[in-house]
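Chain by chain, the residues:
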Amino acid sequence: MTTIVKAKVVGNQAVRPEVFLLTLETPEIAAAARPGQFVMLKVAPGPDPLLARPFSVHGTDGGKLLILYQVRGKGTRLLAEAEPGLELTLWGPQGRGFDLGGAKRPILVAGGMGMAPLAFAAKVLEERAIPSLFLNGGANQESIRGLEDRLEAMLVAGIERGSVERLRSFFAAKTKAAETSFSGAPRIILGTSTEDGSFGHKGLVTDLLEESLSASQDLQPDLVLSCGPLPMLKAVARICAKQKVASQVSLEAPMACGVGACQGCVQPAAGGGYLRVCQEGPVLDAAQVDWERV
Ligand code: FES
């Protein structure tokens, strides 16, 4: 059910230049929000800009809703100026989030601001004591700065940084640990890639995904969740289809209404027709999407 509320800004700090963490006091929406869902937010109290914009939910903290956003234009520039105490209108949570129900050995693949919803998913997996691999990619060290700090801040047990070899053996080691004692062991391991090699693996985050999926088949990861730029999502879908691993992708689309009415957010569906990203998504099974036509 969509709830329209006015929410007080509690915090709006830069986590790095041009990326901000917005905290809104909105207990009803915070209680209902799930990883992968989004809210429609009017970025300023007045009539300009008129339309609300979609922002993925980065997390919740009691009755507070967290939104991690990048300044990309006039609207987000305005939002970056919001001071604590200001009241903003929003509605949600909207859309279909990640289905974490059956996951035992999930991999999360984030590119750029894809960190925002996936850090929330990592937090829920940690709460459920499900070990997971988190693969994060960016163009360079500067582009990932602040984002991995947000992931670490969301988790109780923190993260362990892993080499490619560690990524390959993670689930095997976790299974052995679970048979004996799981206490004290980090439940999430983080692999980072940068295209210029200035931090972590040099190359694409999907290289790390391929490495992780090429591990011993009896402990094959069973679900891949991803959010990031379209070329990355296409590569994730292709790799997962080849390896026969279930995959869920969070798609971005321009959204005018966010409630299924305007058809402005449609993306081509496998088998013909279209999917409304705001209703059937934003998280879709990769097999639902016609990747040739996206
Ligand atoms: Fe209007 Fe999806 S944004 S139908």
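No experiment lies behind these values; they were computed from the predicted model shown.

Enquirer: I would appreciate a short explanation of the sheet that holds strand β1 (residues 3-16) in the present structure.
Expert: In a beta sheet, neighbouring strands are held together by backbone hydrogen bonds and run either parallel or antiparallel to one another. Strand order in the open sheet formed by seven strands is β4-β3-β7-β1-β2-β6-β5, and the pairing between neighbours is antiparallel. Edge positions in the sheet fall to β4 (53-56) and β5 (59-61), since each of these pairs with one other strand and no more. Going across the sheet, the axis of each strand differs from the next one's by a mean of 40°, ignoring polarity. Relative to strand β6 (residues 64-70), strand β2 (residues 19-25) runs antiparallel, the two being bridged by seven bridges. Within β6, the position partnered with Thr23 by the bridge is Leu66. Docked against the sheet, helix α3 (residues 115-127) engages β4, β5 and β6, running at close to 60° with respect to β5.

Enquirer: It is not clear to me how the pairing of β1 should be interpreted in this structure. Could you clarify?
Expert: Here is the key point about a regular strand: its side chains alternate between the two faces of the sheet. Inspection of the sheet shows β1 paired to strand β7 (residues 87-94) by six bridges, in the antiparallel sense. From the neighbouring strand, Thr3 faces β7, where its bridge partner is Gly92. Judged from the seven bridges that link them, β1 and β2 form a sheet pairing that is antiparallel. Its bridge partner lying in β2, Asn12 is registered against Leu22. Here β1 hands over to β2 after two residues, with Glu18 in that stretch at a positive phi of 75°.

Enquirer: Explain the environment of Ala235 here, please?
Expert: Inspection of the secondary structure assignment puts Ala235 in helix α8 (residues 230-243). Separated by 102 residues in the primary sequence, Ala235 and Leu133 have C-alpha atoms spaced 18 Å apart.

Enquirer: Whenever I open this one, α8 confuses me. Can you help?
Expert: The α-helix advances 3.6 residues per turn, and as a result positions three or four apart in sequence lie on the same side. For α8, built from 14 residues, the straight-helix expectation of 20 Å at 1.5 Å per residue is met to within 8% by its first-to-last C-alpha distance of 20 Å. If you check which residues of α8 are buried, you get Met232, Leu233, Ala235, Val236, Ala237, Ile239 and Cys240. On its buried face, α8 is in contact with β8 (106-111), α7 (205-213), β13 (223-227) and β14 (246-250). Immediately downstream of α8, the backbone of Lys244 shows phi near 55°, a positive value.

Enquirer: Please clarify how the nonpolar core should be interpreted in this entry.
Expert: Nonpolar side chains tend to gather and get buried jointly when the protein is soluble and globular. Ranked by internal contacts, the top residues of the largest apolar core, which has 54 residues, are Leu24, Leu41, Ile67, Leu90, Phe134 and Leu151. Sorting elements by how many residues they give to this core places α3 first, with nine residues. Each residue touching Ile67, except ones within four places of it in the same chain, is listed here: Phe20, Leu21, Leu22, Leu24, Val39, Leu41, Phe55, Ser56 and His58. Counting 38 residues, the second largest nonpolar core, distinct from the first, contains Val164, Ile189, Cys265 and Trp291.

Enquirer: Even after reading the chapter, I still don't get the pairing of strand β9 (residues 132-138), so can you show me in this structure?
Expert: Of all seven residues in β9, seven are buried, a share of seventy percent or more. Residues of β9 alternate between two faces, with Ser132, Phe134, Asn136 and Gly138 on one and Leu133, Leu135 and Gly137 on the opposite face, all of them buried. Taken together, β8, α3 and β9 form a β-α-β motif whose crossover is right-handed. Sheet topology places β9 next to strand β11 (residues 188-194); seven bridges connect them, and they run parallel. Looking at β11, one finds that Asn136 is bridged to Thr192.

Enquirer: Which parts of the structure should I look at to understand α7?
Expert: For α7, the full list of buried residues reads Val205, Thr206, Leu208, Leu209, Ser212 and Leu213. With its buried residues spanning 150° around the axis, α7 presents them on a single face.

Enquirer: I'm lost on the environment of Leu88 in this one. Help?
Expert: Relative to the elements of secondary structure, Leu88 occurs in strand β7. Measuring from C-alpha to C-alpha, the distance between Leu88 and Val43 comes to 6.8 Å, with 45 residues separating the pair along the chain. Excluding anything up to four places from it in sequence, Leu88 contacts Val5, Lys6, Ala7, Val9, Leu24, Leu41, Lys42, Val43, Ala44, Pro45 and Leu79.

Enquirer: Help me understand the side chain of Lys42 in this model?
Expert: Relative to the elements of secondary structure, Lys42 occurs in the loop between β3 (38-41) and β4. Despite its burial, Lys42 pairs with no opposite charge, the nearest such side chain being Asp48 at 7.9 Å. Discounting residues that sit within four places of it in the chain, Lys42 has contacts with Pro49, Leu50, Leu51, Ala52, Leu88 and Thr89.

Enquirer: Even after reading the chapter, I still don't get the packing of α3 against helix α5 (residues 147-154), so can you show me in this structure?
Expert: Think of two packed helices as two axes; the pair is described by the angle between the axes and how far apart they sit. Packing of α3 against α5 leaves a shortest axis separation of 9 Å and a crossing angle of 25°. If you check the angle between α3 and α5, you find them roughly parallel. In this structure, α3 crosses over α5, and the sense of that crossing is right-handed. Contacts between α3 and α5 pair Met115, Ala119, Phe120, Ala122 and Lys123 from the former with Leu147, Glu148, Leu151 and Met154 from the latter. Considered class by class, the residues forming the contact of α3 with α5 number seven nonpolar, no polar and two charged.

Conventions adopted
- Residues take numbers from 1 onward in each chain, read along the sequence in its written order.
- Restriction of local features to residues with pLDDT of at least 70 applies here, the model being predicted, together with a cutoff of 80 or more for giving and counting side-chain atom pairs; totals for whole chains, interfaces and linings are based on all residues.
- Values shown for side chains rest on all heavy atoms present in the structure; no hydrogens or waters enter the calculation.
- At least two bridges found by DSSP between two strands is the condition for calling them paired.
- Here a helix means four or more residues in a row that DSSP labels H or I, a strand means two or more in a row labelled E, and each is numbered from the N terminus.
- To obtain each axis, a line is fitted to C-alpha atoms, and for helices this fit is confined to the stretch in contact; angles are then taken between N-to-C directions over 0 to 180 degrees.
- In what follows, a contact means two residues having at least one pair of non-hydrogen atoms within 4.5 Å.
- A helix is expected to span 1.5 Å multiplied by its residue count minus one.
- Exposure is judged per residue with a 1.4 Å probe applied to protein chains only, and the accessible area is read against the type maximum: over 50% gives exposed, under 20% gives buried, and values in between give partly exposed.
- Among the buried residues, those of types Ala, Val, Leu, Ile, Met, Phe, Trp, Tyr and Cys that are joined through side-chain atoms within 4.5 Å form a nonpolar core.
- Looking down the strands as they point away from the viewer, one classifies a crossover as right-handed if the path from the first strand across the helix to the second runs clockwise.
- Note: the arc covers the axis-to-C-beta directions of the helix.
- Charge assignment: positive for Lys and Arg, negative for Asp and Glu; neither His nor the chain ends contribute.
- Any carboxyl oxygen of Asp or Glu that lies within 4 Å of a side-chain nitrogen of Lys or Arg is treated as forming a salt bridge with it.
- Oblique is the label for any angle not covered by the other classes, which are roughly parallel (under 35 degrees), roughly antiparallel (over 145) and roughly perpendicular (65 to 115).
- Crossing handedness is read from the near helix: turned anticlockwise from the far helix by less than a right angle, it gives a left-handed crossing, and turned clockwise, a right-handed one.
- Residues are grouped as follows: Ala, Val, Leu, Ile, Met, Phe, Trp, Tyr, Cys and Pro are nonpolar; Asp, Glu, Lys and Arg are charged; all remaining types, including Gly, are polar.

Remember, this is a structural readout, not a statement about activity or role.
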